[in-house]
Amino acid sequence: MSLQMLLFIAYIWLAIAIVVHITMFYITAPFGRHTSGKWGLMVNNKVGWVVMECPSLLLMLYFLFWGESSFQSNVWILFVLWITHYVNRSLIYPARIKSTPKKMPLFIVLSAIFFNLVNAGLNGYYLSVFASVKDYDASWFHTPHFIIGITLFIAGMAINWKSDNMLIHLRKQGETGYKIPQGFLFDFISSPNLFGEIVEWTGFAIMAWNLPAFTFMVWTFANLVPRAKNHHDWYLNQFSNYPKNRKIVFPFIF
Ligand SMILES: NC(=O)c1ccc[n+]([C@@H]2O[C@H](COP(=O)([O-])OP(=O)(O)OC[C@H]3O[C@@H](n4cnc5c(N)ncnc54)[C@H](OP(=O)(O)O)[C@@H]3O)[C@@H](O)[C@H]2O)c1
């Protein structure tokens, strides 16, 4: 594939993100607390997470080790960050979430596989074939976009992991219901795990400084802001004592 073709696909993908973003404020993605049997065939929740997130991990491993120029510059660092995130998301996270009778629609699994194939495909292909050695040579480490980007990426990942961990531990073994999370960023927003993920991929886009990484940042925002709103509205609906001062996903802002 030529660079022009890859960038053309990335622009189309960006336009689709905007449409999906708007749609998701009206149609709630049916998994987790919002799961619904109305979306056809259902699959086991934990298996669903592994199957839908693994393509991103496998594709990036493929591009790292079999790409044309993944080790000709420091671009491998971007691969390692992406792979670290997806080792957690596709293997560790599903193993740690508490088992409940809840299932996930196959439709969600298939949509997420497509989402992951396009995002990892665009980013992995670009980084392993088209990334210029000059852009990621030793001077990259001294650029503001590397320093700001990696700081945001690590901070975002830490927030995402800590918040997911706190949520997972709200239930004791055998419990299946929901509680109001307290402490850490939960005192300010309803979904610090989603906030952390948005910060993380914003950091990645700033570090990488290319169109495919920007596209993935936009997609993360497009998916997670409406999902956080759905979570927030759900809390207000379920708990009459839910703290009214909590924002949705961006502390003090939204
Ligand atoms: N990059 C992307 O586009 C994307 C898209 C979606 C998700 N993600 C990431 O995937 C992770 C999960 O997302 P999510 O929206 O499914 O997270 P979530 O609704 O916050 O759920 C996280 C886990 O904690 C449990 N949980 C949540 N709130 C709880 C409460 N109040 N009481 C008891 N247990 C609670 C959930 O159980 P239940 O499953 O039983 O509700 C689930 O096991 C996040 O880290 C998110 O950033 C990324």
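Residues numbered from 1 in each chain as written. Predicted model: local features only at pLDDT ≥ 70, side-chain atom pairs only at ≥ 80, totals over all residues.

### Quick look at the overall build of the protein chain
Broken down by element type, the protein chain carries seven helices and two strands. From first element to last, N terminus to C terminus, the protein chain shows the α and β order α-β-α-α-β-α-α-α-α. Since a compact globule built from 254 residues should have a radius of gyration of about 18 Å, the 19 Å found for the protein chain is in line with a globular shape. Considering the protein chain as a whole, with its 254 residues, one finds that 37% of them fall into the buried category. Long-range contacts, defined here as pairs at least 24 residues apart, represent 82% of the contacts in the protein chain between residues at least 6 apart. (Helix = DSSP H or I, 4+ residues; strand = E, 2+ residues; numbered from the N terminus. Rg over C-alpha atoms; globule rule 2.2 N^0.38 Å. Buried ≥ 20, exposed ≤ 12 C-beta atoms within 10 Å, placed from the backbone. Contact = placed C-beta atoms within 7 Å.)

### Section: the packing of helix H3 (residues 76-96) against helix H5 (residues 144-168)
Their axes nearest at 12 Å, the elements H3 and H5 cross at an angle of 0°. With respect to H5, the axis of H3 lies roughly parallel. Facing H3, whose interface residues are Leu81, His85, Asn88, Tyr93 and Arg96, H5 presents Phe153, Met157, Trp161, Asp164 and Ile168. Of the residues that constitute the contact of H3 with H5, the class distribution is six nonpolar, two polar and two charged. (Axes fitted to C-alpha atoms, helices over the stretch in contact; angles between N-to-C directions. Parallel < 35°, antiparallel > 145°, perpendicular 65-115°, else oblique. Nonpolar A, V, L, I, M, F, W, Y, C, P; charged D, E, K, R; others polar.)

### Considering the site of the ligand
Surveying the vicinity of the ligand reveals 22 residues, the closest of which are Gly32, Ile97, Leu167, Glu197 and Asn223. Elements that contribute at least two residues to the shell around the ligand include exactly H5, helix H6 (192-208) and helix H7 (211-238). Considering every element that reaches the shell around the ligand, the biggest residue donor is H7, with five residues. Across the shell around the ligand, the residue classes break down as eight nonpolar, seven polar and seven charged. (Near = placed C-beta within 6 Å.)

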